[in-house]
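The residues making up each chain are set out below.
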Amino acid sequence: MVCCGPQAVAGVQEPVAAPPKTMAPTTANGNVDPEFALAPHPTIPKPEGPVLVVILDGFGENEFKDEYNAVHVAKPPLVSKLQGVAKRSRTLRAHGTAVGLPTDADMGNSEVGHNALGSGQVVDQGARLVDIALQTGGIFESEGWKHISEAFEHNTLHMIGLLSDGGVHSRYDQVVQTLKGAVERGAKRVRLHVLTDGRDVPDGSSIQFVQQLDEELAALNAKHGVDCKIASGGGRMFVTMDRYEADWDIVKRGWHAHVLGKAPNQFKDAVTAVKTLRGPEDKKVSDQNLAPFVIVDEEGKAVGPVQDNDAVVLWNFRADRMVSISKALEWKDFKVFDRERVPENLKFAGMMQYDGDLGLPKNFLVPPPEIKKVSGEYMVKNGLSTFACSETQKFGHVTFFWNGNRSGYFDSKLETYLEIPSDKVQFNEKPDMKAKEITDAGKEALKSGKYQMVRINYANPDMVGHTGDLNATVRAVQTVDQCLGELLATADEVNARYLVTADHGNADDMVQRDKKGKPLMGESGAPLPLTSHTLAPVPAFVGGKGLPDSVNFRDDLPKAGLANITATMFSLLGLQAPSHYEPSLI
Ligand SMILES: O=C(O)[C@@H](CO)OP(=O)(O)O
Ligand SMILES: [Mn+2]
Ligand SMILES: [Mn+2]
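Calculation notes
- Residues numbered from 1 in each chain as written.
- Chains lettered and ligands numbered in written order.
- Predicted model: local features only at pLDDT ≥ 70, side-chain atom pairs only at ≥ 80, totals over all residues.
- Heavy atoms only, no water.
- Salt bridge = Lys/Arg side-chain N within 4 Å of Asp/Glu carboxyl O.
- Helix = DSSP H or I, 4+ residues; strand = E, 2+ residues; numbered from the N terminus.
- Buried < 20%, exposed > 50% of the residue type's maximum accessible area, 1.4 Å probe, protein only.
- Phe/Tyr/Trp six-rings, centres within 6.5 Å; stacked < 30°, edge-to-face > 60°.
- Lys NZ or Arg CZ within 6 Å of the ring centre and 35° of its normal.
- UniProt positions renumbered as here; feature names shortened; annotations may be inferred.
- Pairing = 2+ DSSP bridges.
- Axes fitted to C-alpha atoms, helices over the stretch in contact; angles between N-to-C directions.
- Donors = N, O, S within 2.8 Å, 3.2 Å for Na, K, Ca; no water.
- Tetrahedral: all angles 85-135°; square planar, octahedral: opposite > 155°, others 65-115°.

Caption draft 1: How the structure looks around the pattern of salt bridges. This structure, assessed with the given rule, holds 33 salt bridges. The salt bridge involving R278 is made with D203; its shortest N-O contact spans 3.0 Å. Of this pair, R278 sits in helix α9 (residues 270-278) while D203 is found in the loop between β4 (189-196) and α7 (206-224), placing the two residues 75 residues apart along the sequence. Of the residues examined, R278 reaches a relative accessible area of 8% and is grouped as buried. Residue class for D203 comes out partly exposed when judged on its relative accessible area of 30%. Where salt bridges share partners, they join R189, R191, D227 and K229 into one cluster.

Caption draft 2: Summary view of the packing of aromatic side chains. This structure, assessed with the given rule, holds 13 aromatic pairs. Aromatic pair Y409 and Y417: ring centres 4.2 Å apart, planes at 15°, arrangement stacked. Look at Y409 and you get buried, because its relative accessible area is 1%. Taken together, the aromatic side chains of F36, Y378, F570 and Y581 make up a single cluster linked through ring pairs. Between R253 and the ring centre of F238, over which it is positioned, the NZ or CZ distance is 3.7 Å. Positioned above the aromatic ring of F36, the side-chain terminus of K373 is 5.1 Å from the ring centre.

Caption draft 3: Quick peek at the UniProt feature "domain: BPG-independent PGAM N-terminal" (unreviewed entry) in the protein chain. The sites that carry the UniProt feature "domain: BPG-independent PGAM N-terminal" (unreviewed entry) are, in the present numbering, residues 131-355. Structurally, residues 131-355 is divided into 33% helix and 18% strand, and its ends, taken at the C-alpha atoms, are 20 Å apart.

Caption draft 4: Seen up close, the sheet that holds strand β5 (residues 227-235). Taken together, the eight strands give an open sheet; going across it, the order is β6-β7-β5-β4-β3-β8-β9-β10, and neighbouring strands pair in mixed fashion. On the outer flanks of this sheet lie β6 (265-267) and β10 (364-366), each paired with one strand and no other. Between one strand axis and the next, the sheet turns through 20° on average, direction left out of account. Two elements, β6 and strand β7 (residues 293-295), share three bridges in a ladder whose sense is parallel.

Caption draft 5: Expanded view of the coordination of the manganese ion (ligand 3). Within the first shell, the manganese ion (ligand 3) binds the protein through D462 (OD), D462 (OD), H466 (NE2) and H533 (NE2), at distances of 2.1 to 2.3 Å. In this structure, the manganese ion (ligand 3) is coordinated by six donor atoms arranged in irregular fashion, with angles at the metal of 57 to 170°. In the primary structure, the donors to the manganese ion (ligand 3) are separated according to the pattern D-x3-H-x66-H. The manganese ion (ligand 2) is placed at 4.4 Å from the manganese ion (ligand 3). With D462 in helix α14 (residues 460-465) and H533 in the loop between β14 (497-501) and β15 (538-543), this pair connects stretches of sequence that are 71 residues apart. Exposure class is identical for D462 and H533. Each is buried.

Caption draft 6: Inspection of the coordination of the manganese ion (ligand 2) at higher detail. Surrounding the manganese ion (ligand 2) are the protein donor atoms D57 (OD), S110 (OG), D503 (OD) and H504 (NE2), which sit 1.9 to 2.2 Å from the metal. Counting along the primary sequence, the residues that act as donors to the manganese ion (ligand 2) give the motif D-x52-S-x392-D-H. We classify H504 as buried; its relative accessible area is 0%.

Caption draft 7: Structural view of unusual backbone geometry. In this model, L360 is joined to P361 through a cis peptide bond whose omega is -15°. Despite not being glycine, K373 has its phi angle at roughly 50°, a positive value. Assignment of secondary structure puts K373 in the loop between β10 and α11 (375-381). Here the phi dihedral of N495 falls at roughly 60°; this positive angle occurs in a residue that is not glycine. Its location among the elements puts N495 in the loop between α15 (470-493) and β14. The exposure class of N495 is partly exposed, given its relative accessible area of 27%.

See the structure below:
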């Protein structure tokens, strides 16, 4: 168990130990800053015990209640019981415009979900901000663009990112528009380094995305007389896109393939690379986990290592899985692994700035969402203490995303962030993950009497759901249900009030379906697994011994979404939420 203190904020800390960081201290004389002071709730009294907030990551309430819905199959006894409590159970919208995404066809995800849960506000998220910047042309006027365009005439522009139309971390059409924008503005030589998905889109779809991109590049080369090629790649969960420093080897493989032009697998073209690395039909490697590869020329030389004076753009808009690779590309004194060769005078930019506190990367093409006055800041400025805990895979979700993509503490004296290290396995092999350890930590925090709020994220329904393994996901749901039961029992011992919800669906549908919802079968007759999140709403429950019987969900907010949770949390604390927050559900 990694404990407490700012040093525990993995993935967001310089490798060199930094002094504790306090982003927004309470006023020196101990009075509450009037701008942040919260009035007592008019009807709900202050609680005697703590408020427990639990996020069941990837636990949706899906309309398809059949053998492919792992939540339905698991029949979780506690959640089923909570669902039966009149006026204290409801669902919330967790996808599309309800969480700041471009359209209601966009599934929810952890970044936008936790941003909404922690900030009480619906703001335009990265996907939408990039759409707008491309529509207006603002992206091509940005300082970040000016920076990279210095390499257009005489050097190479490298573009690295997730290649799919999943819309969680990136979108194919945005990549193509950015690439065309570069060529139309003078880029002569472009190298693309593609990370295959199969997690936000069906497994196996990467071949089509790579084929489509190759065709796009051939057309651009013919039309403009330029030299654009795919240069390297690999599966997103094995190459480059690590998060929260869960496994730096993932980033190192990416550095080797994209920057150094070195990988154990070399191919003449990317379609052959993906087809070959997926392996034979009976033991296919999923797109998410493909080995790293580089594309080589007739002489066997890598076609696109990053050289001195080149430009690099990371095209993902979402932050968590771009922070580590950004550190490797930007930090001069980076020491986590031996980079072997560091290109000099690199013009590096992110699609967005991924960490505002670290100013990382320094250059970016589109300003990130502005998520201001989040609940964490109100908590500390009203002298309220918080314990937040998850395992590595979701640790930044309940801290960094919750706090509006801020990597430090608001006030380290009032906040404890505890990270339980995740296993380094594919999570269907260990579907219990670290739920037990998280539960123990949560129970201890509840009993300690030190915290007004205890905030927990259980990773299982999401992380196991992403493997597409139905049986393992059923087990994941059962584990979390049992752990939640233990946590709520302890909550009752200390007279707590609880709020249980989720950030988006995932485990609630494990099969691809046709437009009418009919499960799709593959050529072998087996169901085609769904590895992505879903569009399902998520459950919300309030209760606990400390909650007066008279406090129930309102019935006048049928369309409420995740952002309504934040004000609800303040209501449970006996406080009136800030007026710019979405209204409280109770
Ligand atoms: O694993 C991830 O990066 C995403 C899916 O792309 O999942 P989540 O939003 O739940 O973190
Ligand atoms: Mn999630
Ligand atoms: Mn997920």
